[in-house]
Every structure is written in C-alpha cells, then in structure tokens.
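Coordinates in review
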Amino acid sequence: MTKTTSIVLFCIITAIVLFFGVFAFLSVPDGLDYGTYGEFYSAYDVIQKSGLFTDTTRSTYQTKLNEGVDFRSVQKTINARLQSIYGYYSIDISNKDGLTTIVMPKTAPIGHKVNTSRPSAASILSSVTAVGKVEVLSTAYSQDAKYEEDKVLLSEEHFRRARTQTYAQADQTFYICEVKLTDEGAKLASKNLTENSQYVLAVDNSVATFVVYTNGGLQIYSASNLGSKTFASYIKNGALGAELTLDETGDIDVVNKTSWVYAAVMGVIVLATFVFFAVRYKTLGLAGMLSQLMAIVLFMYISMLLYMVVYFNLFAAIGLTLAYAFMTFFTIFTFEKIRAYNQEKTFSSSAYKGFATTNKISLIAHAALLVLGIILWVIPTAVTAPMGTMLVFGAVLSFIATFGLNRLFVKMIEPFYETTGRANAKK
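Summarised in this report is the structure supplied together with it. (Residues numbered from 1 in each chain as written. Predicted model: local features only at pLDDT ≥ 70, side-chain atom pairs only at ≥ 80, totals over all residues. Heavy atoms only, no water.)

Right, let's get into the sheet that holds strand 12 (residues 217-222). One open sheet holds the seven strands; their spatial order is 7-6-10-11-12-9-8, and the pairing between them is antiparallel. Only two strands of the sheet have a single neighbouring strand rather than two, namely strand 7 (152-154) and strand 8 (159-169). Ignoring which end each strand starts from, the neighbouring axes of this sheet average 40 degrees apart. With five bridges joining them, strand 9 (residues 172-181) and strand 12 adopt antiparallel strand pairing. Bridge pairing links Ile 176 to Tyr 221 in strand 12. Contacting strand 7, strand 8, strand 9, strand 10 (197-203) and strand 11 (206-214), helix 5 (residues 183-192) runs over the sheet at an angle of about 130 degrees to strand 7. (Pairing = 2+ DSSP bridges. Helix = DSSP H or I, 4+ residues; strand = E, 2+ residues; numbered from the N terminus. Axes fitted to C-alpha atoms, helices over the stretch in contact; angles between N-to-C directions. Contact = heavy atoms within 4.5 Å.)

This is the structure in structure tokens:
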C-alpha cells in the first residue's frame, strides 16, 4: 500500500464515521421528515435515558388497592408493562397516603415504525395504569357488540402465556397477540367456541377488539404492533390489582443540564485522549484516534438498536466512563509495545510483535470485564443492571477496537514508516 492510497482510505473512512456520528447525536425532538417514507430518529433520541439525563413528566393518581393487594405488586406490574410495551427499563413510582406518583422520562419509547408517531406520555401512562382485566366473551363479534358480564367465558386464570406476531399478506399487515390457554381454559374454549370464529375480547368491561379461536388457542387482533404488545403485557403480567384515577399531570419544565454536563465531560476526556495519541505516538496515534472514533459511533447505534435494555442513569454513565477508560488503556498498552519494539525493528515487524505480545493479557482482561458486566446486568436493580449493560457493551467494543480496528488502521499507516532498517516510532 502506498502513502497516497493510505491517505485516501483514511480520509474516506473518517468522512463516513463522522457522517454517521453527526446523525447519531442529531437530536430532532419531533422527528425529521424525509419525503413520504416516514420519520428519522437519531440514536441519541431513542436511547433510553433516566430522569437524571432528560426532562420528565410527573403524574399523580388517586389509588384504591384491591383487598389483600400490596402496592409493591402494583408498582412491579406497572414497571413490567412499561418495559414489555414501551421499552422503559425502570421509572420512579411511589405511593403515599393513597396517592401514587409516577415520574417518567420524556424519551422515545420502543417500536418506532415508518409512518407511525411517537406515543405521548399521557397515552403511555393511560395504558400502563389501566386495570388491564382481559376477558373473552362467548358472544360473536360485531361492530355493535356490547360487554355482558354473564357472557364471560375466559379470564385471567385461563391464560397460560402470550406472545406477539406480525403477519403480512398482500398489502395488509396483521398485528396479532397469540394466547396459549391453560388446560381448564382449553376445555372451556373447545366446548363453547367454534374453530376459526370471531368472538368479543373485552378489557376492563369494555369491548376492545375481536379474538379468533384456532388450534386450541386464541389470536387477538389489533390495529397496531403497540396494541398487540399491550394485550400481551396485560395477559403476561396480569391485572393491576388496583384502580388508579388520574389526579393531575404535567411536565417538569426545568431544563435538565446533567446530560449536557456529562456530555461535555466525556467530550473533554475523548479529546484529551486524542491529543495524547497525537503527541505521544505521532502518525501511529492516528490509528488509535480513528479506531476509538469508530467504536464511539458503533456504541451509539448499537445502543439505539438494543435500547430496550439500556437505562441510562448515573450508574450507566459511570459504567460507560469505565468502559472507555478500559478501551483506552489497552490501546495505549499495545501502542507502547509497538513503540518500544520499533526502536530496533522495522515498523511492520514491530506492529506484529506488539500485538502478539499483548494478545493474551488483553483477551483475559476483556473476558473478565465481559463476565463482570453480565453478572451485574442480570441483577435486576436500577444500579447494577445499567452499569452492567455499559460494561458488556464496553467489553465488546473494546475487543473490536483492540483486536480488530487497531490492527486494521495500524496496517494502513505502515507506508508512513520505514519498512527496512531501523525505524523511529516518533517519526
């Protein structure tokens, strides 16, 4: 590879990474229209953030608990619904003197699709605070069907599990919640329902949609993917066990500066790292800078794709900082070896030996970080899980940078060094 080819490749790769980097952080609160195809949301927009890093909505509810129901079970059900329907990992829910307060980050919920809009905080809270009592009536479904209590055939105790499915046929898309029945429910259904016929599905004593009895189970039809997820969540998590009546709601209009402070601090840390690479390693430092820049952009997009499990609170921020420090350390660790060997050898052989001598310890350290991250990730608290998530992402991205990107870009800067005789790492 010639110097000219190396420069051209560096410029092209840098331009591509910066392009995607800009769109990863481009915050467009109401979406960015692009023709008639739909809306654009940046990676930053859809990463799940806590109230510490974004503005919030606070709603209060008059609460009437069912007999024998503890509020903690109600809190658990609301959080489970928020996670399974909208992708919120955890929110602040408290109860005092019969008044429940829910503080929810104003972040983009899960399930953005072309030509769909972002659900409002009011609609999200309305669906997750509903009682969620799902029933199947023996009444044949029609547009003017009404709820009749004496026609209830199947209820919560007859549902075993539920999952959502989407089927496309010609120009139509069907959003379905498939329900598996218990043995008792299956006997009742086979005795009272006709195969492949439509019956009334009611939620909280109101007709919601139609359900088809087929193959010993139920198919609940919905107008949207969000609707089918809602039905599935009500069935999987059960009824709320309380009645929550909205008292008041409102946005917390104080602009949250925490996220900007953290972004500025992280920006300074990254910039300082890049300056260190440039001063310490000269041309070799370009490989480290581009490798880390690509890893940062990859992190944004991976987080966007998996943000249903990313709850970005203070502990996630600490985990991300530690993960970046980990990646930087092993880049420096490898580059120091290359720099030392390059005093006596050609750059090509120095690079090969530098990577070879650091492989074992780097691999062990990355494996250890990954295991630690997984252990923290699976502990279901708002402290351990977010930090564990960041450590897992950090271990994966650091591995990609250390064992992949660094090698690639070091290979690309070889033409800038002498290939024979004694080479100088500072050149």
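From this point, things continue past the structure.
All chains considered together, the criterion is met by 19 aromatic pairs. Relative to Tyr 281, the ring of Phe 276 lies with its centre 6.0 Å away and its plane at 85 degrees, an arrangement referred to as edge-to-face. Their ring planes at 5 degrees and their centres at 6.1 Å tell us that Phe 329 and Phe 333 sit as a pair that is stacked. Taken together, the residues Phe 329 and Phe 333, both in helix 9 (residues 314-341) and four residues apart, mark about one turn of the helix. Since its relative accessible area comes to 23%, Phe 333 is described here as partly exposed. Three or more aromatic residues joined by ring pairs form one cluster here, namely Phe 19, Phe 20, Phe 23 and Tyr 301. (Phe/Tyr/Trp six-rings, centres within 6.5 Å; stacked < 30°, edge-to-face > 60°. Buried < 20%, exposed > 50% of the residue type's maximum accessible area, 1.4 Å probe, protein only.)

Another aspect to go through is a nonpolar patch on the surface. Residues Leu 298, Leu 363, Leu 370, Val 371, Ile 374, Ile 375, Val 378, Ile 379, Val 396, Phe 399 and Ile 400 make up a contiguous nonpolar surface patch of roughly 870 Å² in combined accessible area. Every element with two or more residues in the nonpolar patch is listed here: helix 10 (347-377) and helix 11 (384-412). Considering every element that reaches the nonpolar patch, the biggest residue donor is helix 10, with five residues. Relative to the helices and strands, Ile 374 is located in helix 10. Since its relative accessible area comes to 40%, Ile 374 is described here as partly exposed. (Patch = residues over 30% accessible without salt bridge, like charges linked within 9 Å, V, L, I, M, F, W, Y side chains within 5 Å. Areas by Shrake-Rupley, 256 points an atom, 1.4 Å probe, with all protein chains shown as cover. Salt bridge = Lys/Arg side-chain N within 4 Å of Asp/Glu carboxyl O.)

We now examine the nonpolar core. In this structure, Leu 284, Phe 312, Phe 347, Phe 409 and Val 410 are the most contacted members of the largest nonpolar core, which totals 44 residues. Residue assignment for this core shows that the elements contributing at least two residues are helix 1 (3-25), helix 7 (258-281), helix 8 (283-305), helix 9, helix 10 and helix 11. In terms of nonpolar packing, the next biggest core, distinct from the first, is built from 22 residues, Leu 153, Ala 162, Leu 201 and Ile 220 among them. (Core = buried A, V, L, I, M, F, W, Y, C linked by side-chain atoms within 4.5 Å.)

Relative to the helices and strands, Val 270 resides in helix 7. Judged by relative accessible area, Val 270 falls into the buried class, the value being 15%. Each C-alpha atom, one on Val 270 and one on Tyr 324, is 8.8 Å from the other, the two residues being 54 residues apart in sequence. Leaving out residues up to four positions away in the same chain, Val 270 has contacts with Ile 296 and Tyr 324.

Taken as a whole, this structure holds one cavity of 30 Å³ or more when the rule is applied. In this structure, the largest cavity encloses a volume near 50 Å³. Gly 132, Lys 133, Val 134, Glu 156, Phe 159, Tyr 234, Ile 235, Gly 238 and Ala 239 together form the lining of the largest cavity. Residue composition of the lining of the largest cavity, grouped by class: five nonpolar, two polar and two charged. (1 Å grid on protein atoms, 1.4 Å probe; cavity = no way out; pocket = protein on both sides within 12 Å on 5 of 7 lines; lining within 4 Å. Points joined across faces, edges and corners; volume = space filled by probe spheres on them. Nonpolar A, V, L, I, M, F, W, Y, C, P; charged D, E, K, R; others polar.)

Next up on the list: the pattern of salt bridges. In total, this model carries six salt bridges according to the counting rule given. Glu 135 is the partner of Lys 133 in a salt bridge, and the nearest nitrogen-oxygen pair spans 4.0 Å. Lys 133 sits in the partly exposed class, given a relative accessible area of 31%. Close ionic contact of Arg 163 with Glu 178 constitutes a salt bridge, the shortest N to O distance being 3.1 Å. Placement of Arg 163 in strand 8 and of Glu 178 in strand 9 is noted, with a sequence separation of 15 residues between them.

Another point: unusual backbone geometry. Non-glycine residue Asp 204 carries a positive phi angle of around 55 degrees. Topologically, Asp 204 is positioned in the loop between strand 10 and strand 11. Non-glycine residue Asn 215 carries a positive phi angle of around 50 degrees. Following the sequence through the fold, Asn 215 ends up in the loop between strand 11 and strand 12. Taking relative accessible area as the criterion, Asn 215 reaches 73% and is therefore assigned exposed.

Okay, the packing of helix 3 (residues 71-86) against helix 4 (residues 121-128) next. Running from N to C, helix 3 and helix 4 cross one another at 125 degrees; their axes reach a closest spacing of 9 Å. The orientation of helix 3 relative to helix 4 falls into the category oblique. Like other packed secondary-structure pairs, helix 3 and helix 4 cross with a definite hand, here right-handed. Residue-level inspection shows Ile 78, Arg 81, Leu 82 and Tyr 86 of helix 3 in contact with helix 4, the latter providing Ser 123, Ile 124, Ser 127 and Val 128. Per-class residue counts for the contact of helix 3 with helix 4 are five nonpolar, two polar and one charged. (Parallel < 35°, antiparallel > 145°, perpendicular 65-115°, else oblique. Left-handed = near helix turned anticlockwise from the far one by under 90°.)

What follows is about the pairing of strand 10. Two faces belong to every sheet, and in a regular strand the side chains alternate between them. Taken across its seven residues, strand 10 has five buried, putting it largely inside the fold. Here four bridges tie strand 6 (residues 134-140) to strand 10, and the two strands are oriented antiparallel to one another. Looking at strand 10, one finds that Val 134 is bridged to Val 203. Between strand 10 and strand 11, which pair antiparallel and follow one another directly, the connecting turn spans two residues, one of which, Asp 204, has a positive phi of 55 degrees.

Here the focus is helix 4. Among the residues making up helix 4, those that are buried are Ile 124, Leu 125, Ser 127 and Val 128. Projected down its long axis, helix 4 shows its buried positions confined to an angular sector of 165 degrees, all on one face. Taken together, the buried residues of helix 4 touch strand 3 (56-65), helix 3, strand 5 (99-105) and helix 6 (225-237). (Arc of directions from axis to C-beta.)

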